[in-house]
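# Geometric and topological summary
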Amino acid sequence: MASSSVFHPSLSSLAAKRTVSYPNPTTKRHTSSLSVTCTSSTFDPTTNNSSPPAQQPPPPIRTRAADENIRDEARRHRPTPHNFSAKYVPFNSGFASPESYSLDEIVYRSRSGGLLDVQHDMEALAKFDGAYWRRLFDSRVGRTTWPYGSGVWSKKEWVLPEIDDDDIVSAFEGNSNLFWAERFGKQFLGMNDLWVKHCGISHTGSFKDLGMTVLISQVNRLRKLKRPVVGVGCASTGDTSAALSAYCASAGIPSIVFLPANKISMAQLVQPIANGAFVLSIDTDFDGCMKLIREVTAELPIYLANSLNSLRLEGQKTAAIEILQQFDWEVPDWVIVPGGNLGNIYAFYKGFKMCQELGLVDRIPRLVCAQAANANPLYLYYKSGWKDFKPVRANTTFASAIQIGDPVSIDRAVYALRNCDGIVEEATEEELMDAMAQADSTGMFICPHTGVALTALNKLRKSGVIGAGDRTVVVSTAHGLKFTQSKIDYHSKAIPELACRFANPPTEVKAEFGAVMDVLHEFLKSKK
Ligand SMILES: Cc1ncc(COP(=O)(O)O)c(C=O)c1O
Ligand SMILES: N[C@@H](CCOP(=O)(O)O)C(=O)O
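Residues numbered from 1 in each chain as written. Chains lettered and ligands numbered in written order. Predicted model: local features only at pLDDT ≥ 70, side-chain atom pairs only at ≥ 80, totals over all residues. Heavy atoms only, no water.

## Remarks on the overall build of the chain
What counts, and what does not: Numbered from the N terminus, helices here are DSSP runs of H or I no shorter than four residues, and strands are runs of E no shorter than two. The contact rule is simple, with two residues in contact once any of their heavy atoms fall within 4.5 Å.
Secondary structure summary: the chain contains 17 helices and 12 strands in total. Pairs at least 24 residues apart make up 74% of the contacts formed inside the chain by residues separated by at least 6 positions.

## A closer look at the pattern of salt bridges
Definition in use: Within this document, salt bridges are pairs made up of a side-chain nitrogen of Lys or Arg and a carboxyl oxygen of Asp or Glu, the two lying within 4 Å of each other. Buried, partly exposed and exposed residues are distinguished by accessible area as a fraction of the type maximum, computed with a 1.4 Å probe on protein chains only: under 20%, between the cut-offs, and over 50%, respectively.
Inspection of every chain in the model, using the stated rule, returns 23 salt bridges. One salt bridge connects Lys197 with Glu322, and the closest N-O pair in it is separated by 2.5 Å. Residue Lys197 is located in strand S4 (residues 194–198), and its partner Glu322 is located in helix H10 (residues 318–326); the two are separated by 125 residues in the primary sequence. Taken individually, Lys197 and Glu322 each receive the classification buried, so the pair is uniform in this respect. Several salt bridges share partner residues, and in doing so they unite Asp117, Glu314, Lys317 and Lys350 into one network.

## Focus: the sheet that holds strand S7 (residues 278–282)
Adjacent strands of a sheet pair through backbone hydrogen bonds, lying either parallel or antiparallel. This is how the line gets drawn: A pair of strands counts as paired when DSSP detects no fewer than two bridges linking them. Structural elements are reduced to axes, namely lines fitted to C-alpha atoms, with helices fitted over the stretch in contact, and the angle between N-to-C directions of any two is expressed from 0 to 180 degrees.
Spatial strand order, S7-S6-S5-S8: 4 strands in an open sheet with parallel pairing. What marks the edges here is a single partner per strand, and that holds for S7 and strand S8 (302–304). Taking the axes of each pair of neighbouring strands and ignoring which way they run, one obtains an average angle of 25 degrees across the sheet. Here 3 bridges tie strand S5 (residues 231–235) to S8, and the two strands are oriented parallel to one another. The residue of S8 that forms the bridge with Gly231 is Ile302.

## A look at the UniProt feature "domain: Tryptophan synthase beta chain-like PALP" (unreviewed entry) in the chain
Condition: UniProt positions are given in the numbering used here, feature names are shortened, and annotations may be inferred rather than shown by experiment.
Following the UniProt record, one finds the feature "domain: Tryptophan synthase beta chain-like PALP" (unreviewed entry) at residues 170–477. Across residues 170–477, the secondary structure splits into 44% helix and 16% strand, with the terminal C-alpha atoms separated by 19 Å.

## Let's talk about empty space enclosed by the protein
For the record, the criterion: The definitions used throughout rest on a 1 Å grid laid over the protein atoms alone, on which a cavity is an enclosed set of points accommodating a 1.4 Å probe that cannot get out and a pocket is an open set flanked by protein within 12 Å on both sides along at least five of seven lines; lining residues are those having an atom within 4 Å of a point. Grid points are joined across faces, edges and corners, and a volume is the space filled by probe spheres set on the points. Amino acid classes used here: Ala, Val, Leu, Ile, Met, Phe, Trp, Tyr, Cys and Pro are nonpolar; Asp, Glu, Lys and Arg are charged; the rest, including Gly, are polar.
Summed over all chains, the structure comprises 3 cavities of 30 Å³ or more. The calculated volume of the largest cavity comes to roughly 290 Å³. Around the largest cavity sit 24 residues that line it, and Phe207, Lys208, Asn341, Ala401 and Ile402 are the ones nearest its centre. Of all the secondary-structure elements, those providing two or more residues to the lining of the largest cavity are helix H6 (239–251), helix H9 (311–316) and helix H11 (343–357). Residues of the lining of the largest cavity, tallied by class, amount to 8 nonpolar, 13 polar and 3 charged. Reported here for the second largest cavity is a volume of approximately 50 Å³. Around the second largest cavity, the lining residues are Gly174, Ser176, Cys199, Ile201, Ser202, Ser206, Phe207 and Leu210. Split into classes, the residues belonging to the lining of the second largest cavity amount to 4 nonpolar, 4 polar and no charged.

## Side note on helix H3 (residues 130–139)
Counting buried positions along H3 gives 8 out of 10 residues, so the element sits mostly inside the fold. If you follow the buried residues of H3, they end up packed against helix H2 (122–125) and H10.

## Some details on the site of ligand 2
Selection criterion: We call a residue near a molecule or strand when any one of its heavy atoms sits within 4 Å of it. Counting of polar contacts relies on pairs of N or O atoms within 3.5 Å, with two restrictions inside protein: one atom must be capable of donating a hydrogen and the other of accepting it, and residues adjacent in sequence are counted only when both atoms are side-chain atoms.
In the neighbourhood of ligand 2, 13 residues make up the surrounding shell, with Ser236, Thr237, Asp239, Ser307 and Arg312 lying closest. Between ligand 2 and Ser236, the relevant distance is 2.5 Å, taken from an oxygen atom to a side-chain nitrogen or oxygen of the residue. One nitrogen or oxygen atom from the main chain of Ala401 is found 3.0 Å from a nitrogen atom belonging to ligand 2. Per-class residue counts for the shell around ligand 2 are 3 nonpolar, 7 polar and 3 charged.

## Description of helix H13 (residues 410–418)
Because an α-helix completes one turn every 3.6 residues, residues spaced three or four positions apart along the sequence face the same direction. Those residues of H13 lying buried are Ile410, Arg412, Ala413, Val414, Ala416 and Leu417. For H13, the elements touching its buried residues are strand S2 (116–120), H9, H11, strand S10 (366–372), helix H12 (377–383) and strand S11 (423–427).

## Focus: a nonpolar patch on the surface
What counts here: Patches here are clusters of residues that have more than 30% relative accessible area and form no salt bridge, with a 9 Å joining cutoff for like charges and a 5 Å cutoff for nonpolar side chains (Val, Leu, Ile, Met, Phe, Trp, Tyr). A 1.4 Å probe and the Shrake-Rupley method give the accessible areas. Residues count as covered only by the protein chains that appear here.
On the surface, a cluster of nonpolar side chains totalling about 470 Å² of accessible area is made up of Val509, Val516, Val519, Leu520, Phe523 and Leu524. You can see Val516 is positioned in helix H17 (residues 513–527).

## Focus on the site of ligand 1
Definition in use: In this description, a molecule resides in a pocket or cavity if more than half of its atoms sit within 2 Å of the grid points defining it.
Surrounding ligand 1, one finds 15 residues, the nearest of these being Asp239, Gly340, Asn341, Leu342 and Thr477. A distance of 2.7 Å is found between an oxygen atom of ligand 1 and a backbone nitrogen or oxygen belonging to Asn341. A distance of 3.4 Å is found between an oxygen atom of ligand 1 and a backbone nitrogen or oxygen belonging to Ala401. Starting from 380 Å² of accessible surface for ligand 1 in isolation, the protein chains cover 98%. Of the pockets mapped on this structure, ligand 1 occupies the largest cavity. Among the residues forming the shell around ligand 1, the class breakdown is 6 nonpolar, 7 polar and 2 charged.

## Side note on unusual backbone geometry
Cis rather than trans, the peptide bond between Trp146 and Pro147 has omega equal to -5 degrees. Position of Pro147 among the secondary structure elements: in the loop between H3 and strand S3 (178–180). Look at Trp329: it is not a glycine, yet its phi comes out positive at around 65 degrees. Positionally, Trp329 belongs in the loop between H10 and strand S9 (334–338). What makes Trp329 buried here is its relative accessible area of 11%. Although it is not a glycine, Leu342 adopts a positive phi angle of roughly 75 degrees. Within the secondary structure layout, Leu342 lies in the loop between S9 and H11.

## So, the packing of aromatic side chains
Let me state the cut-off plainly: Stacked, edge-to-face and tilted labels apply to pairs of Phe, Tyr and Trp rings (six-membered ring for Trp) whose centres lie within 6.5 Å, assigned for plane angles under 30 degrees, over 60, and everything in between, in that order.
Counted by the stated rule, this structure contains 21 aromatic pairs. A ring pair is formed by Tyr108 and Tyr303, whose centres lie 5.7 Å apart and whose planes are at 65 degrees; its orientation type is edge-to-face. Pair noted here: Tyr108 is in the loop between strand S1 (86–90) and S2 and Tyr303 is in strand S8, with a separation of 195 residues, a long-range link. With respect to burial, Tyr108 and Tyr303 carry one shared label: buried. A centroid spacing of 6.4 Å and a plane angle of 70 degrees characterise the contact between Tyr346 and Tyr415, whose relative ring orientation is edge-to-face. Of this pair, Tyr346 sits in helix H11 while Tyr415 sits in helix H13, and the two are 69 residues apart along the sequence. Here Tyr415 falls in the partly exposed class, since its relative accessible area comes to 26%. Three or more aromatic residues link up through ring pairs in this structure, and these residues are Phe84, Phe128, Tyr132, Trp133, Phe137 and Trp158.

Laid out in structure tokens, this is it:
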């Protein structure tokens, strides 16, 4: 169903609401938003030490001279050398794999044409116990120290351990709020412990910033090493392109974005334009753009920024670590993620799994991947018992950023879901738009993709798979303000195929006291 472009003039003033972060006062388990338990942001691990200093008090907070910037300050405080390292290996083959590549190589696929993964030297990381890592990560939250003020780089040892702080390109992304969706949970789902991880409250308004800071930092390093990278390119449904162009612009690196013509929101289109990217509007869908960018990056010195490039997922996985951190390292029962190209569902799995393997937590949550019914190849595969994967032709959906029929990370997603007893659900256009409207009516302002995730939750609650008391996190992947046209269409009842049951159009009234009083009396009566 096409997103109608009918614009109701009197809806143009619909005001955005802000979500807020607050602790859950009613649950037995104590939780908080990112809490700083230590005072230092300079605490760095060293493998020279055989007994990890888990109980050691944090060193004092750094002070910066008035004429010093945070990069200069970081240079002055070079961290202690360590033995942490990471490299590319064929997906699911482990650190000892005979096939591996340095992260300084330009490589996106294994020799057999399969996916790659960034594999960390887990033995080196495991020399420090879980308490140590928890304490280190907690100590860096809420600081402006370069580069740890970023939610991604505050986990640098687990992301790109070997990159020089000086090469990092960061907008201090991450540390997004995790808020208790009290009214939505109670009113619509009978749940008391429902949370939303708002990855859309971010530099460019989506979770893509988490991965892009890593990829562009590595590109920055490659260019300093004189590797042949003239520009960075991606195919996009609107959010990858926004993040790519912003981080490239910040580093002074040319960016090239392939967008499917007329298939992304106006707000998303203007982002790369404003950031100075070379924008190609191509008469195809996302899958067509993805095919083209893969062909082009094989020929030209343009570095591929889509999540086929496993560097991206190293940043995205930090959202999972952050969720655990925000719950004071307690593990939620469920995490629900909307899926399109399917890198993110694997990134969440990887983040949770690393925390388990390195002893920060003792289990991982069950993951749910939620797809739009109009673009549901993973859902169909899941329903076939993982027997028969077929790419689909993705139909138009209001969840336009996940209108993807041939996801590049299909193998990563299946691996993640099978290893966490995961589930795949789908949402029709009516379901996702109604879920978005209901969530907004409780004070959120979510994107349609989050509507897909909430629909999945609703279905799993109704079938009893997710219990009333289960601690559940819905990942909100983009900011609702990027998708206002879909909300305008819904509240104008301008979508012929949908009933728009929860539309709340403005009441038009004459500029007369009596007329205003009449409508207000009616309104107040209806509220009694
Ligand atoms: C807003 C939004 N939500 C969800 C997704 C799905 O993420 P992934 O492609 O990693 O599955 C995307 C991009 O695809 C997106 O832009
Ligand atoms: N929603 C994405 C689609 C591409 O995903 P990627 O993670 O592979 O870059 C977008 O915004 O472009």
